[in-house]
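# Examination of the molecular architecture
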Amino acid sequence: MIRRMVQRLLSTLLVLFCIVSATFFLVRLAPGGPFDTERALPPETRALLMKQYGLDLPLHEQYIRYLDNLLHGDFGTSMKYPGKSVSEILFEGLPYSAGLGGLALMSAILAGAGMAWLTVRRPEGSADRWMVRISLVFLSLPGIIIAPLSVLVFSLWLGLLPAGLLEGPEHLILPVISLALPLAARIFLLMRDSVRTQSAGTWFRAAIGRGIPPSALYLRHVLRHALAPVAAFLAPASAALLTGSIVIETVFILPGTGRHFIQAALNRDLTLILGTVILYSTILLLFNFLADIILMLLDPAREKSEGTA
Amino acid sequence: MNVPGLKAAAPGGWPGLGACSIVLSIVVACCSPQGEWFGVTEAPRSETLVVNNGTEPETLDPGLMNGSIEGHIAFNLFEGLTRFDPKTLEPLPGVATNWRVSDDGLEWTFFLRKTARWSDGRPLTSHDFAWSWIRLLAPQTAARYASFLFLIKNAEAYNLGSLTNQQEIGIRCPDDHTLVVTLVRPAPYFAFMTAFYVTMPVPRHSIERHGSRWTAPGNLVSNGPFVLATWQMHRKIELVKNPQYHEADQVFLKKIIFLPIEDTGTVLNLYRRGDIDLLFDVPLELYSWLRTRRDFSTTPGWGVYYYKFNISRKPLDDVRVRRALSLAIDRKRLTSDLLGQGQVPAFSFTPPIPGVYAPPEGTGYDPDTARRLLAEAGYPDGNGFPPVQILYNTIATDFHKHVAEVLQAMWKQELGIHLGLEIQEWKTYLKSIENREYDIARAGWVGDFPDPGTFLDLFLQPDGNNNTGWTHADYSKHVVNALSDKDQASRMRSFYRAESVLMDELPVMPVFFYAFSMLKKPWIEGVYENQQDIHPLRSVRIRRARK
Amino acid sequence: MKYFLTACAFLVCMLLPEILALSAVELDLTNGNAPPGLSHPFGQDLKGRDLFARVIHGARLSLMIGLAATLVSCTIGTFWGAVAGFRGGKTDAIMMRIVDFLFGLPFMFVVIIVLSFSGRSVVLLFLVLGLIHWLTMARVIRAEVVLLKHREFVQAARATGCSTWRILVRHILPNISDTVIVYMTFTIPGVILEEAFLSFLGLGVPAPDASLGTLVREGIVTLSVHPWQLAFPAAFLLMIIFSVNILARRIQHSLTAHSGMTASGINH
């Protein structure tokens with residue numbers, strides 16, 4: 001078990017290294033550079049800027065220099081925002097994104113699991129059927145629909161909640177709900193389906209027949225199995241959530257890191273792109289790693305080959 | 001209904017208003033009649049002005065700035081030798097109380113006020129200006145806008161590295177309160193340039209201490225009516241009143257908050273709810289609804305929106321085709337029916353500069369001649385017209401898309417030619433233009449100062465900011481004559497001749513002159529729309545509305 | 001019967017624009033932003049185009065992109081997963097590390113880089129979306145194949161000297177087809193949403209075409225004064241995704257009882 005974990009960790013690090021390297025070369029393939037502007041810079045000025053950022057060196061030298069700086073914890077300076085370091089920009093936004101994402105994640109898990117808990121006791125009841133239908137609606141509500149519509153209804157028509165900005169806790173209500181609803185629906189469906197499959201199994205009926213109370217069965221066995229797909233789904237989803245949702249940040253004007261995934265790439269801000277990719281990939285790989293360990297702990301007999309997700 | 005293209009313009013209101021859905025009736029219920037204000041009208045509680053600035057500024061260092069987003073903040077943080085009148089953009093005394101121009105127009109002497117101070121209390125002298133300007137020109141600063149000062153003697157050579165002796169640059173300080181500037185050619189608009197953010201003084205003592213981090217809140221020392229209080233990226237920038245400012249008694253606002261909101265829908269939601277007091281650049285999508293509101297105001301600006309023709313590609317190498325394309329566009333309908341933010345149809349590349357320059361009248365709208373020219377060029381009724389793409393770029397709004405779609409429809413209707421639309425994201429678009437890999441491309445140019453030279457020197461070389469591949473000996477001759485001419489009247493005549501050549505040859509097709517629009521709440525006083533979208537907020541007042 | 005109805009709805013969406021001969025590109029500048037009325041049931045957009053026609057055309061485009069991208073992703077994913085799972089060993093390890101690696105790259109970043117290389121087109125768009133979605137598919141299929149390859153009939157085929165390809169095509173693929181179909185139906189709504197998301201950012205289909213995402217983007221701008229311009233496309237987008245989601249669940253229930261087989265999706 002420990003050996004497998006170490007193995008997994010090593011391969012995760014290798015993947016991270018590949019991601020950093022690939023990004024480094026990919027962004028340079030894209031046409032246009034950080035210093036291209038509508039009003040063309042004089043060639044001399046552009047050359048000076050390139051030199052300032054070490055972009056005049058041969059590509060392999062730039063690469064080695066970047067990796068060297070990275071090992072020393074230096075992500076470089078942003079090319080779009082001179083005077084701001086990449087880590088400064090990312091760590092200024094991360095608390096907002098992680099806070100918002102964390103809140104949404106927690107509420108989604110609570111709501112989803114709570115709903116699942118309520119319905120699985122009475123499978124095929126009308127509550128169950130309606131819950132499934134409603135959650136399918138929520139599942140079909142992406143941020144680009146639910147965010148503007150909730151603004152329209154709750155802040156423009158009813159005037160109950162702010163339409164954006166971050167000036168107090170009430171400004172978080174709509175963004176958190178917009179993020180959490182589809183997520184809660186998915187968690188609910190995953191848990192419900194999985195519990196249903198388990199409780200349809202022969203061992204479950206046999207146990208009931210032997211007089212074991214269903215609640216004990218649910219807690220000790222069924223839930224354990226039901227957690228596996230939820231963990232597998234939540235790992236990448238929470239990585240995306242914690243590093244910032246672009247739509248929610250755009251519609252509600254929140255100062256998170258999500259926008260950098262697009263803006264940095266559009267601006268060809270090479271250092272900020274790399275910083276953002278590293279941040280995202282590290283969190284994603286970390287969560288996947290944790291999910292793997294959870295899956296292993298939940299079901300030690302699980303075949304090794306299934307563990308790649 | 002099936003006929004593609006444009007319906008004929010017909011007067012008419014909104015059809016089917018009676019048969020609208022429930023959704024609509026709610027909306028209509030919250031719409032107010034014409035001439036009303038948009039959204040909340042109760043005055044705010046505090047003396048804080050909330051402005052939407054459109055996006056996150058790249059820097060607060062005036063020397064490194066190159067855009068109006070940064071400018072909006074700089075005009076309130078710093079003050080140059082002169083400052084702009086918020087309404088007319090006339091240069092007013094800033095740090096300099098008065099100035100004198102020599103008879104040949106080449107030597108400018110500025111007399112600085114002795115009470116001028118930095119926000120940390122240090123005196124502000126002519127040496128600060130000299131240092132700031134030389135810093136701007138120094139090659140290692142790599143200032144984006146260094147060329148702005150090339151009007152000063154030897155400035156260009158110093159910036160390009162061919163001259164290393166700072167003493168030879170035409171900037172002198174005879175004493176602490178006098179600055180003498182020598183120009184390479186007479187420029188009646190120089191006092192205008194000394195109000196622009198590029199020429200604002202920067203605090204040497206702070207820069208030498210903090211390096212590139214001198215613009216961080218806490219480090220940033222400025223000399224304008226306001227100082228920087230907070231700068232949270234992508235959230236807000238807060239300026240508070242500067243007690244050290246020489247005319248602090250004329251500054252009424254306690255605080256200004258600049259928001260970096262790009263999403264136009266959200267901006268309007270916030271404005272409507274009263275969370276934002278003032279915003280520039282009213283979204284096109286809502287003009288028809290907003291232009292009747294009392295919040296809305298607009299003015300034509302010193303900028304031209306135009307299409308570039310790549311004259312090395314067929315069929316655009318034929319001047320008759322270029323003329324046909326230009327003649328077939330009904331700019332009046334475009335500006336009044338689609339844009340309507342106050343844009344003016346453009347038939348010349350340089351906008352008229354009142355009292356200075358009146359451009360040639362240009363070709364106008366004449367679809368019959370357009371069809372004839374196209375037929376002469378070998379494409380009667382558009383037959384055999386090669387595939388041509390209109391290139392434009394993505395921005396936070398769909399502005400360029402809207403314009404391109406309308407022009408595409410007009411060309412289809414009038415000339416029977418179908419041009420494709422090609423959208424590229426910003427940096428790819430810039431690269432395509434630079435490499436001249438396009439057929440027709442949208443472009444824009446905003447002048448820096450009230451002089452045709454800031455528009456017409458674009459076409460002196462085929463590349464740079466021209467990129468159409470077009471040059472013309474007569475044109476270049478006229479422009480060069482104008483640039484070195486000392487007499488204002490004959491300068492303008494040369495510019496006029498040059499522009500006539502340009503509009504004859506049409507390597508670029510002007511579409512409209514920009515308009516700068518804004519929405520402001522009823523309690524804001526002292527903000528004016530002007531030709532350069534420059535908004536010094538130092539004398540803005542917030543008036544409590546009477547109930 | 002239920003499938004039949006859904007299929008009919010799809011067909012109507014695909015054909016309706018042709019039947020009604022609605023023009024989604026005809027401009028009518030003088031009636032820009034007109035509200036819903038008799039002649040234009042959904043109102044008109046900024047340039048006076050009929051919003052009903054735009055929404056129907058957009059729905060068709062969104063569906064088409066969803067289907068095409070799903071086909072692309074399922075083809076690649078099935079192939080990749082089946083080969084990796086069946087070959088096992090080093091091949092499997094390398095192939096799945098590649099999947100891990102691609103999975104670790106932020107989706108948006110890849111899309112922008114790919115889109116920056118060339119101009120925008122619908123074909124490019126569904127290729128990009130398809131190329132991103134095959135990763136999860138490959139993982140699911142691989143897990144299936146790993147389980148299958150130890151089953152007797154595969155072992156038997158192997159013993160009789162069948163080639164790897166033959167075994168994959170004749171024995172493995174038919175046995176994973178249920179998974180593939182279920183997975184495909186789960187992928188479609190995900191892809192439609194992602195296309196909508198790209199359009200929301202202004203990176204979607206090129207003008208004058210518009211997908212539902214493009215229309216939602218345009219609707220958000222005018223939200224505060226012309227809410228119907230958001231409401232109609234948003235409702236259509238919601239209905240399409242909802243119905244595909246329902247369809248996916250039905251197919252899943254009737255075909256398999258795979259535990260843990262779940263819809264995937266990237267949360268934005």
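## Notes on the overall build of chain C
Across its full length, chain C holds 9 helices and 0 strands. Relative to its full complement of 268 residues, chain C shows a buried share of 63%. Nonlocal contacts in chain C, meaning residues at least 24 apart in sequence, comprise 73% of its contacts between residues at least 6 apart. Accessible surface, chain C as shown: approximately 9,400 Å² in total, 69% of it carbon and sulfur.

## Describing the overall build of chain B
Secondary structure assignment for chain B yields 16 helices and 19 strands. Its C-alpha atoms put chain B at 70 × 65 × 40 Å along the principal axes. Contacts spanning at least 24 positions in sequence make up 71% of the contacts within chain B whose residues lie at least 6 apart. Accessible area for chain B stands at about 20,400 Å²; split by element, carbon and sulfur atoms hold 49% of it. Charge separation in chain B, taken as the distance between the mean sites of 57 positive and 60 negative side-chain charges, equals 5 Å.

## Some details on the domain arrangement of chain B
All names here are of chain B. Partitioning chain B into structural domains gives domain 1 (1-56 + 225-295 + 521-547), domain 2 (66-222) and domain 3 (302-515). Listed per partner, the contact involves 13 residues of domain 1 and 20 residues of domain 3. At the boundary of domain 1 with domain 3, the tally comes to 0 salt bridges. Residue composition of the side of domain 1 that touches domain 3, grouped by class: 6 nonpolar, 3 polar and 4 charged.

## Topic: the interface of chain C and chain A
Taken together, the contact pairs 47 residues of chain C with 60 residues of chain A. When chain C packs against chain A, the two sides together hide about 4,700 Å² of surface, and 75% of this comes from carbon and sulfur. Counting the contacts that link chain C with chain A gives 1 salt bridge. For Asp193(A), the salt bridge goes to Arg249(C), with nearest N and O atoms at 3.0 Å. Seen at the junction of chain C and chain A, the total is 4 residue pairs in polar contact (both at pLDDT 80 or more). For the side of chain C that touches chain A, the secondary-structure elements that each account for two or more residues are helix 3 (89-104), helix 4 (107-117), helix 5 (122-148), helix 7 (164-200), helix 8 (212-221) and helix 9 (228-255) of chain C. When the residues that make up the side of chain C that touches chain A are grouped by side-chain class, the tally is 31 nonpolar, 11 polar and 5 charged.

## A few points about helix 11 (residues 367-376) of chain B
All names here are of chain B. Those residues of helix 11 lying buried are Pro367, Thr369, Ala370, Leu373 and Leu374. Buried residues of helix 11, viewed axially, fall in a sector of 155 degrees; they line one side. In this fold, the buried residues of helix 11 make contact with helix 9 (319-327) and helix 12 (399-415). Once helix 11 ends, the next one or two residues include Gly378, with phi positive near 105 degrees.

## So, the pattern of salt bridges
For the coordinates displayed, the defined rule picks out 41 salt bridges over all chains. Here the residues in one salt-bridge network are Lys401(B), Glu405(B), Asp45(C), Lys47(C), Arg49(C), Arg54(C) and Glu218(C), joined through shared partners.

## Section: the confidence of the model for chain C
Overall, the prediction assigns chain C a mean pLDDT of 81, with 85% of residues at 70 or greater. The complex prediction reports pTM at 0.87, with the ipTM value standing at 0.85.

## What about the pairing of strand 17 (residues 508-520) of chain B?
All names here are of chain B. With 13 of 13 residues buried, strand 17 is to be regarded as a mostly interior element. Here strand 11 (residues 278-280) pairs with strand 17 via 3 bridges, running antiparallel. Bridge pairing in strand 17 places Leu278 opposite Lys520.

## Things to note about the sheet that holds strand 5 (residues 107-112) of chain B
Residue and element names in this part refer to chain B. The 4 strands lie next to each other as 4-5-7-6, forming an open sheet whose pairing is antiparallel. Only two strands of the sheet have a single neighbouring strand rather than two, namely strand 4 (96-101) and strand 6 (171-175). Between one strand axis and the next, the sheet turns by 20 degrees as a mean value, whatever way the strands run. With respect to the sheet, helix 3 (residues 126-137) is in contact with strand 5, strand 6 and strand 7 (178-182), its orientation differing from that of strand 6 by roughly 165 degrees.

## Description of the interface of chain B and chain A
Each partner contributes residues to the interface: chain B has 46 residues there, and chain A has 49 residues. Overall, the association of chain B and chain A removes approximately 4,200 Å² of surface from exposure, summing both partners, and the carbon and sulfur fraction of that is 55%. In terms of surface lost to chain A, no three residues of chain B exceed Met233(B), His234(B) and Lys427(B), which account for 17% of the buried area on that side. There are 6 salt bridges connecting chain B and chain A. For the pair chain B and chain A, the interface holds 17 residue pairs in polar contact (both at pLDDT 80 or more). Only strand 8 (226-232), helix 7 (264-272), helix 13 (426-434) and strand 16 (440-446) of chain B provide two or more residues apiece to the side of chain B that touches chain A. The leading source of residues in the side of chain B that touches chain A is helix 13 of chain B, at 6 residues. Looking at side-chain class alone, the side of chain B that touches chain A contains 17 nonpolar, 13 polar and 16 charged residues.

## Details of a nonpolar patch on the surface
Together, Met1(A), Ile2(A), Val6(A), Leu9(A), Leu10(A), Leu13(A) and Leu297(A) line one region of the surface with nonpolar side chains, adding up to about 720 Å² of accessible area. Note that Leu297(A) resides in helix 12 (residues 270-298).

## A look at the packing of aromatic side chains
For the coordinates displayed, the defined rule picks out 45 aromatic pairs over all chains. Pairing Phe35(A) with Tyr53(A) gives two aromatic rings, centres 5.5 Å apart and planes at 35 degrees, and the pair type is tilted. With Phe35(A) in the loop between helix 1 (2-29) and helix 2 (43-52) and Tyr53(A) in the loop between helix 2 and helix 3 (59-71), this pair connects stretches of sequence that are 18 residues apart. With a centroid separation of 6.2 Å and 75 degrees between ring planes, the pair formed by Phe399(B) and Phe512(B) is classed as edge-to-face. Here the residue Phe399(B) occupies a position in helix 12, and Phe512(B) occupies one in strand 17, the gap between them amounting to 113 residues. Overall, Phe399(B) belongs to the buried group, its relative accessible area being 14%. Phe512(B) sits in the buried class, given a relative accessible area of 0%. The side chain of Arg139(C) reaches across the aromatic face of Phe103(C), ending 4.4 Å from its centre.

## Looking at the packing of helix 2 (residues 51-87) of chain C against helix 7 of chain C
Packed helix pairs are characterised by how far apart their axes lie and by the angle those axes make with each other. Residue and element names in this part refer to chain C. Packing of helix 2 against helix 7 brings their axes to within 7 Å, and their N-to-C directions diverge by 145 degrees. Handedness of the crossing formed by helix 2 with helix 7: right-handed. A breakdown of the residues in the contact of helix 2 with helix 7 according to their chemical character gives 21 nonpolar, 7 polar and 2 charged.

## Thoughts on the packing of helix 15 (residues 473-484) of chain B against helix 16 (residues 488-505) of chain B
Residue and element names in this part refer to chain B. Across the interface, helix 15 lies against helix 16 with an axial gap of 8 Å and an inter-helix angle of 160 degrees. Judged on the interaxial angle alone, helix 16 and helix 15 are roughly antiparallel. As helix 15 runs across helix 16, the sense of the crossing is left-handed. Seen from helix 15, the contacting residues are Tyr475, His478, Val479, Asn481, Ala482 and Leu483; seen from helix 16, they are Arg491, Ser494, Phe495, Arg497, Ala498, Glu499, Val501 and Leu502. Among the residues making up the contact of helix 15 with helix 16, the classes are represented as 8 nonpolar, 3 polar and 3 charged.

## Some points on unusual backbone geometry
Following Lys314(B), the chain continues to Pro315(B) via a peptide bond in cis, the omega torsion being 0 degrees. Secondary-structure assignment places Pro315(B) in the loop between strand 12 (296-309) and helix 9. Here the phi dihedral of Leu165(A) falls at roughly 65 degrees; this positive angle occurs in a residue that is not glycine. Of note in the backbone geometry, Leu506(B) takes a positive phi value of approximately 50 degrees without being a glycine. The residue Leu506(B) is located in the loop between helix 16 and strand 17 in this model. The buried category is assigned to Leu506(B), whose relative accessible area is 1%.

What counts and how
Chains are numbered independently. Their residues run from 1 in the order of the written sequence. In the order they appear in the text, chains get letters beginning with A and ligands get numbers beginning with 1. Reporting of local features is limited, given that this is a predicted model, to residues whose pLDDT is at least 70; pairs of side-chain atoms are given and counted only at 80 or more, and all residues count toward the totals for whole chains, interfaces and linings. Only heavy atoms go into the side-chain values, all of them from the structure, while hydrogens and water stay out. Per the convention used, a helix needs a DSSP run of H or I reaching at least four residues, while a strand needs a run of E reaching at least two, with both numbered from the N terminus. Under the scheme applied here, a residue whose accessible area is under 20% of the maximum for its type counts as buried, over 50% as exposed, and between as partly exposed, the area being computed with a 1.4 Å probe on protein chains only. Residue contacts follow a heavy-atom distance rule, with two residues in contact if any of their heavy atoms lie within 4.5 Å. Surface accessibility follows the Shrake-Rupley procedure with a 1.4 Å probe radius. Residue values consider only the protein chains on display as shielding. The positive count covers Lys and Arg only, the negative count covers Asp and Glu only, and His and the chain ends enter neither. Think of each charge as sitting on NZ of Lys, CZ of Arg, CG of Asp or CD of Glu. The start and end points of each domain follow an automatic or database-based domain assignment. A side-chain nitrogen of Lys or Arg and a carboxyl oxygen of Asp or Glu constitute a salt bridge if their distance falls within 4 Å. Just so you know the grouping, Ala, Val, Leu, Ile, Met, Phe, Trp, Tyr, Cys and Pro go in nonpolar, Asp, Glu, Lys and Arg go in charged, and all remaining residues, Gly too, go in polar. In this description, buried area is defined as the sum, over both parts, of the accessible area (probe of 1.4 Å) that is lost when the two are combined. By the criterion applied in these results, polar contacts are pairs of N or O atoms within 3.5 Å in which, for protein atoms, one can donate a hydrogen and the other can accept it, and in which residues neighboring in sequence qualify only through two side-chain atoms. Arc, as used here, means the arc of the directions from the helix axis to the C-beta atoms. Note on scores: pLDDT gives the predictor's confidence for each residue, bounded by 0 and 100. DSSP calls a pair of strands paired once it identifies at least 2 bridges connecting them. Lines are fitted to the C-alpha atoms to define the axes, a helix being fitted only along its stretch in contact, and any angle between axes, read from their N-to-C directions, falls within 0 to 180 degrees. A patch consists of residues exposed above 30% relative accessible area that lack any salt bridge, with like charges linked at up to 9 Å and nonpolar side chains (Val, Leu, Ile, Met, Phe, Trp, Tyr) linked at up to 5 Å. Ring pairs shown here join Phe, Tyr and Trp side chains whose ring centres sit within 6.5 Å, with only the six-membered ring taken for Trp; geometry is labelled stacked below 30 degrees between planes, edge-to-face above 60, and tilted in between. Comment: the charge-over-ring label is applied if NZ (Lys) or CZ (Arg) is within 6 Å of the ring centre and within 35 degrees of the ring normal. Take the far helix as your reference; a near helix turned counterclockwise from it by less than a right angle gives a left-handed crossing, and one turned clockwise gives a right-handed crossing. In these notes the angle categories are as follows: under 35 degrees is roughly parallel, over 145 is roughly antiparallel, 65 to 115 is roughly perpendicular, and the rest is oblique.

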